[in-house]
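Coordinate inspection notes
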Amino acid sequence: MAHQFRTVGTEQLLDAPIIAVRRDDVVMPGEVVAQREVVEHLGAVAVVALDDRNRVAMVQQYRHSVGRRLWELPAGLLDVKGEDELTGAQRELQEEAGLSASQWGVLTDLVTSPGFCEEAVRVFLARGLSQVDKLDAEGDEEADMAFAWVDLEEAVERVLSGEIVNSIAVAGILAAHACVSAGRTPRSVDAPFDIRPQSMARRRLGPDLKKL
């Protein structure tokens, strides 16, 4: 019978606007208790927005953790209390790319760094695009954000060459290419997102989950 990992104690080490860190006491095989640090996260959404020429809407954003600008998909945190994933994705697509879409589906769900972080991301495919007014950007990095249309085949080449390294963009681009090339239909936007993190959302009561 498979071992049942149990958390028998926990300690909050850090509580910051975007992340939190806790230390769990976990019962391992042999009934040994080990400590595991977990980076808590609000969860996120990203969008592969494809136009009628199969070009991907991409943004370039400075990421301080790696000290460089990265090409990414329009994406953002699920930081509004009670907001569903599709609504969050629609908001981010308008905010970062000035686009809306009439067709939506789920390309893939991923846990970005399961060895230490609970961040989970739902990546949508958006088609039937139209331009709309951008929403006001809230972050400092967004004020410096660049935008480009990239042919889907070219985007795949940039992934394979190491030019696109953001893990969410890599997964979304390759999943979109697999769907388009094989004529597959993405999952429904109503598909359960069971891996969406809940730790921070449960603790924070206001509408903006980044507020401590």
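Up top is the structure.
Please read these numbers as outputs of a predicted model, since none were measured by experiment. (Residues numbered from 1 in each chain as written. Predicted model: local features only at pLDDT ≥ 70, side-chain atom pairs only at ≥ 80, totals over all residues. Heavy atoms only, no water.)

So, about the sheet that holds strand S9 (residues 120-131). What the four strands build is an open sheet, ordered S7-S4-S9-S8; its pairing is mixed. Single-partner strands in this sheet number two, and they are strand S7 (75-77) and strand S8 (99-111). Across the sheet, the axes of successive neighbouring strands diverge by a mean angle of 25 degrees, strand direction being ignored. Bridging between S8 and S9 involves 11 bridges; their strand directions are antiparallel. Note that in S9 the partner of Asp-109 across the bridge is Arg-122. On top of the sheet, helix H1 (residues 85-97) reaches strand S4 (44-49), S7, S8 and S9; it is set at about 115 degrees to S8, its chief contact. Of the strands in this sheet, S4, S8 and S9 are in contact with helix H3 (residues 167-182), which crosses S8 at around 110 degrees. (Pairing = 2+ DSSP bridges. Helix = DSSP H or I, 4+ residues; strand = E, 2+ residues; numbered from the N terminus. Axes fitted to C-alpha atoms, helices over the stretch in contact; angles between N-to-C directions. Contact = heavy atoms within 4.5 Å.)

With that settled, consider H3. For H3, built from 16 residues, the straight-helix expectation of 22 Å at 1.5 Å per residue is met to within 8% by its first-to-last C-alpha distance of 23 Å. Those residues of H3 that sit buried are Ile-168, Ala-169, Gly-172, Ile-173, Ala-175, Ala-176 and Cys-179. Among the structural elements, S4, strand S5 (55-63), strand S6 (68-72), S8, S9 and helix H2 (152-161) are those in contact with the buried residues of H3. Where H3 begins, one side-chain oxygen reaches toward the backbone nitrogen of Ile-168, 3.0 Å away; that side chain belongs to Asn-166. (Expected span 1.5 Å × (residues − 1). Buried < 20%, exposed > 50% of the residue type's maximum accessible area, 1.4 Å probe, protein only. Polar contact = N/O pair within 3.5 Å; in protein donor to acceptor, adjacent residues only side chain to side chain.)

The next thing to look at is the packing of aromatic side chains. Per the stated rule, a full pass over the model turns up two aromatic pairs. Taken together, a centroid distance of 5.9 Å and an interplanar angle of 80 degrees make the contact between Trp-104 and Phe-124 edge-to-face. One end of the pair, Trp-104, is in strand S8; the other, Phe-124, is in strand S9, with 20 residues separating them in the sequence. As far as the burial class goes, Trp-104 and Phe-124 line up, both buried. Pairing Phe-147 with Trp-149 gives two aromatic rings, centres 5.6 Å apart and planes at 90 degrees, and the pair type is edge-to-face. Judged by its relative accessible area of 29%, Trp-149 falls in the partly exposed class. (Phe/Tyr/Trp six-rings, centres within 6.5 Å; stacked < 30°, edge-to-face > 60°.)

Spanning 13 residues, H1 covers 18 Å between terminal C-alpha atoms, matching the ideal 18 Å at 1.5 Å per step. Along its buried surface, H1 packs onto S4, S5, S7, S8, S9 and strand S10 (146-151). N-cap assignment for H1: the residue whose side-chain oxygen lies 3.1 Å from the backbone N of Leu-86 is Asp-84. Residue Gly-98 follows H1 closely and has a positive phi angle near 65 degrees.

Turning our eyes to something else, we now look at the side chain of Arg-122. Following the sequence through the fold, Arg-122 ends up in strand S9. At 2.8 Å, the side chain of Arg-122 and the side chain of Asp-109 are in polar contact. Look past the residues within four positions of Arg-122 in its chain and what remains in contact with it is Ala-44, Val-45, Ala-46, Glu-85, Val-106, Thr-108, Asp-109, Arg-187, Val-189, Ala-191, Pro-192 and Phe-193.

Below, the discussion takes up the side chain of Asp-24. Mapping Asp-24 onto the fold places it in strand S2 (residues 19-28). Residue classification places Asp-24 among the buried positions, given a relative accessible area of 6%. A polar atom in the side chain of Asp-24 sits 2.9 Å from the side chain of Arg-22. Once residues lying within four places of it in the same chain are set aside, the contact partners of Asp-24 are Thr-7, Gly-9, Thr-10, Ala-34, Gln-35, Arg-36 and Val-38.

This next bit is on unusual backbone geometry. A positive phi is found at Glu-31, a non-glycine position, where the angle reads about 60 degrees. Of note, Glu-31 is situated in the loop between S2 and strand S3 (32-41). The exposure class assigned to Glu-31 is exposed, which follows from its relative accessible area of 51%. The backbone phi angle of Asn-54 is positive, close to 55 degrees, even though this residue is not glycine. With respect to the element layout, Asn-54 can be found in the loop between S4 and S5.

Remember, this is a structural readout, not a statement about activity or role.
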